[in-house]
Amino acid sequence: MIRSLSLIVCLFSASASALAPNEHVGNFRLFDQLGGSHQLHYFSDKKAVVLLVQDLSCEASAAVDQSVTALTKTYGESVEFFVIDPTADRATIVASSGEARVLIDDAQLVGRTMDLGRAGEVLIVNPENWTLAYRGDANDGLRSALEAVVTGESVAQRRTHASGCDIVYAPTNGLEISYSDTIAPILADNCVTCHRPGGIGPWAMTDYHMVRGFSLMMREVLMTKRMPPWHADPAIGHWSNDRSIEREALQTLVSWIDAGSPRGEGADPLSQYAFQKPTWGTLGEPDLILEIPPTDIPATGVVDYQYKYVINPLERDVWVRASQIVPGDRTVLHHVITRFGEQATEGPRAGRLKRRSSIGGGLAGYVPGAEARDLPEGTGTLLPVGAAIEFQMHYTTSGAATTDHSRIGIYFHDSEPEHKINAMILANGRIKIPANAKNHSEQASRKFDQDVLVYSILPHSHFRGKAAKFVANYPDGTHEELLNVPNYDFNWQTTYLLEEPKFMPAGTEIVYTNWWDNSSQNPANPNPNREVRWGQQSFDEMIFGAIRYREIDASEGASLAGSE
Ligand code: HEC
């Protein structure tokens, strides 16, 4: 009640309630104009974070870039400087920006939350307690306030007058947004596949009361782009499994939460939602179901990768069109990588697969949140009679001992498909990540020696993985950025599925660059003081990319190349 009253006040008198010095500054994550991704609270090791508000159509903004350049020289590493722009989209900012990194607040949510009302205004955030230390002009006021914050003194003048143009915000009235007609459908579209009973989300959106109870936490995960979990740069490529939320839906959701999550009139669509999904999902009952030998998982500690084998029980070769792993215990199963081939009966590899087995080209692996899908149209993978299927099972302990009984379901083609699906692996076993490095990069690259059609891209590193990028260098000398993941998260092993398969001529080189954060600023880092090299376990590292493709013959290649 108190909350909604104060919101009504702020709707009618925005300036009086503007985020004031000493008030708390909530966390947020925004893209910059180059496709980087920055989270405010990452910079907890800095003396100050400075935000300079920009509106390119305003003259007061022009000075902003110069002040940033000058101040960056003075303070170096100890202060983080950003320009923030709640008025323009990325293309406009790219076309007219200078050297400074510009945080693009195109949903205007950070601007609204921090009351960024004037272009040319500057805010100093103190990372010690995430409070606002200063807001006002970019000249003398800023200089003395920043000096005080950096040296740990108290700031004499916390607020000065900033002259500059007013920033225009699209009008919203959260009180008028209907839970029944608008909010529940947004949640159903963007969240409920995971946040349902038996889903992988830690709580279920079963009705209005659950949603309202979690609404402030929802606001936080939306502002930091933690949810929905999607880590690719929206400006590069189009993905058929894109989980990101549309800008307008995001704005609506946050405005509704800021208005106190009003229930309003109408039925509750979530309480009538059919939450129970069939075990095998949209693909239906498989042609063959194989039990993966069970694994006992202790309550705590590190479990080495488990390798389990199942021999194809059919007395014939089959062409596989789809497959799907149904996890036994989702709380401990982190991921499964599947290969198949001939099992070695003697020698050092006895019991394991012989070299040259198929890697990732055909059968499904498992990662939380991935949906089962058919292989691309007209393609399949041949599972020969007698083949051994290897399951590399990665478990993380959950505090309670358990036994995992996972299964794989396999779907067959009736007849041989036109094309065989392949995977190209990009790896580099010589990586060496220095202790405490915040932004160390390494590369792996490979060439296609044949014309191909590319379907999907998977970047893979471990706890210290920070960002990943895939670029194609075509034989005609041109380059194309295929995928940019500026905010890699080991917990989400996403395979990025191209909306349109991409033709690449023979001689195309793919370069995969991966960045790692081996500093203590990375909360997932188990030990920042260790130089890290290639290894299977999550506390070692990898640069392991997989590109799924099929070969195409010369005549098909000519027509595909011509239609580009
Ligand atoms: C693909 C599955 C998936 C989707 C889609 C998804 N979530 Fe989540 N959500 C999770 C998982 C798993 C976690 C816990 C791990 C984590 O935070 O990454 C989580 C955590 C959360 C949390 C934090 C709970 C806590 O205790 O910290 C909130 C709040 C949340 N999600 C809200 C949302 C909202 C709102 C949406 C839609 C806009 C959404 N989620 C979409 C899977 C999902």
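Rules used in this analysis
Residues numbered from 1 in each chain as written. Predicted model: local features only at pLDDT ≥ 70, side-chain atom pairs only at ≥ 80, totals over all residues. Heavy atoms only, no water. Core = buried A, V, L, I, M, F, W, Y, C linked by side-chain atoms within 4.5 Å. Buried < 20%, exposed > 50% of the residue type's maximum accessible area, 1.4 Å probe, protein only. Helix = DSSP H or I, 4+ residues; strand = E, 2+ residues; numbered from the N terminus. Domains from an automatic or database assignment. Contact = heavy atoms within 4.5 Å. Near = heavy atom within 4 Å. Polar contact = N/O pair within 3.5 Å; in protein donor to acceptor, adjacent residues only side chain to side chain. Nonpolar A, V, L, I, M, F, W, Y, C, P; charged D, E, K, R; others polar. Disulfide = S-S within 2.5 Å. Axes fitted to C-alpha atoms, helices over the stretch in contact; angles between N-to-C directions. Parallel < 35°, antiparallel > 145°, perpendicular 65-115°, else oblique. Left-handed = near helix turned anticlockwise from the far one by under 90°. Pairing = 2+ DSSP bridges. Donors = N, O, S within 2.8 Å, 3.2 Å for Na, K, Ca; no water. Tetrahedral: all angles 85-135°; square planar, octahedral: opposite > 155°, others 65-115°.

(A) Region of the structure containing the nonpolar core. Core analysis: the biggest nonpolar cluster contains 49 residues, and Phe 28, Leu 51, Met 114, Leu 187 and Met 205 have the highest contact counts within it. If you list the elements that add at least two residues to this core, you get β3 (48–53), β4 (79–85), α4 (109–113), β6 (122–126), α6 (179–190), α7 (208–213), α8 (215–223) and α9 (247–258). Sort the elements by how many residues they give to this core and α9 lands first, with 6 residues. Looking at this core, you find at least three residues from each of domain 1 (14–151) and domain 2 (174–272). The residues contacting Phe 28, other than those within four sequence positions of it, are His 38, Gln 39, Leu 40, Leu 51, Leu 103, Val 110, Met 114, Met 223 and Thr 224. Grouped together as the second largest cluster of nonpolar side chains are 31 residues, Met 424, Phe 470, Phe 490 and Tyr 549 included.

(B) View of the site of the ligand. As a structural note, the neighbourhood of the ligand is formed by 19 residues, with Cys 191, Cys 194, His 195, Arg 226 and Met 227 the closest of them. In this structure, a nitrogen atom belonging to the ligand sits 2.7 Å away from a side-chain N or O atom of His 195. Here an oxygen atom of the ligand and a side-chain polar atom of Arg 226 are 2.7 Å apart. Taken together, the residues that form the shell around the ligand break down as 14 nonpolar, 3 polar and 2 charged.

(C) Region of interest: the state of the cysteines. Applying the stated criterion across every chain yields a total of 1 disulfide. Each disulfide pairs two cysteine sulfurs, and for Cys 58 the partner residue is Cys 165, the sulfurs being separated by 1.9 Å. Across the S-S bond linking Cys 58 and Cys 165, the dihedral sits near 90 degrees, which makes this disulfide right-handed. Placement of Cys 58 in the loop between β3 and α2 (62–75) and of Cys 165 in the loop between α5 (140–151) and α6 is noted, with a sequence separation of 107 residues between them. For Cys 165, a relative accessible area of 30% translates into the label partly exposed.

(D) Representation of the packing of α6 against α9. Two elements in contact, α6 and α9, have axes separated by 10 Å at closest approach and are oriented at 120 degrees. If you check the angle between α6 and α9, you find them oblique. Here the hand of the crossing between α6 and α9 comes out left-handed. Facing Tyr 179, Thr 182, Ile 183, Ile 186 and Leu 187 of α6, the residues of α9 in contact are Ala 249, Thr 252, Leu 253 and Trp 256.

(E) Summary view of the side chain of His 335. If you trace the backbone, His 335 turns up in strand β12 (residues 333–341). The class for His 335 is buried, based on a relative accessible area of 3%. A polar contact of 3.1 Å, which involves the side chain of His 335, links it to the side chain of His 334.

(F) Looking closely at the sheet that holds strand β14 (residues 379–383). Read from one edge of the open sheet, 5 strands run β8-β17-β11-β14-β18, paired in mixed fashion. Of all strands in the sheet, those bounded by a partner on one side alone are β8 (288–291) and β18 (419–420). In terms of strand pairing, β14 meets β18 through 2 bridges, oriented parallel. Looking across to β18, one finds that Thr 379 is bridged to His 419.

(G) Geometry of unusual backbone geometry. With an omega dihedral of -15 degrees, the bond running from Met 227 to Pro 228 counts as a cis peptide bond. Relative to the assigned elements, Pro 228 resides in the loop between α8 and α9. Although it is not a glycine, Asn 22 adopts a positive phi angle of roughly 80 degrees. Residue Lys 225 is not a glycine yet carries a positive backbone phi of 55 degrees. As for its placement among the helices and strands, Lys 225 is situated in the loop between α8 and α9. Classification of Lys 225 as partly exposed rests on a relative accessible area of 29%.

(H) Structural detail: the coordination of the iron atom of the ligand. Distances from the iron atom of the ligand to its protein donors, His 195 (NE2) and Met 227 (SD), fall within 2.0 to 2.3 Å. Geometry at the iron atom of the ligand is octahedral, judged from the 6 donor atoms that bind it and their angles of 83 to 179 degrees at the metal. Of the two residues, His 195 is situated in the loop between α6 and α7 and Met 227 in the loop between α8 and α9; the sequence distance between them amounts to 32 residues.

(I) Spotlight on the sheet that holds β3. Spatially, 5 strands are ordered β5-β4-β3-β6-β7 in an open sheet, and the strand pairing comes out mixed. Two strands close off the open sheet at either side, each with one partner strand: β5 (102–104) and β7 (131–136). On average, each strand axis in the sheet is tilted by 25 degrees relative to the strand beside it, whichever way the strands run. Here α5 sits on the sheet in contact with β3, β4, β6 and β7, set at roughly 5 degrees to β6.

That is the geometry; function is a separate question.
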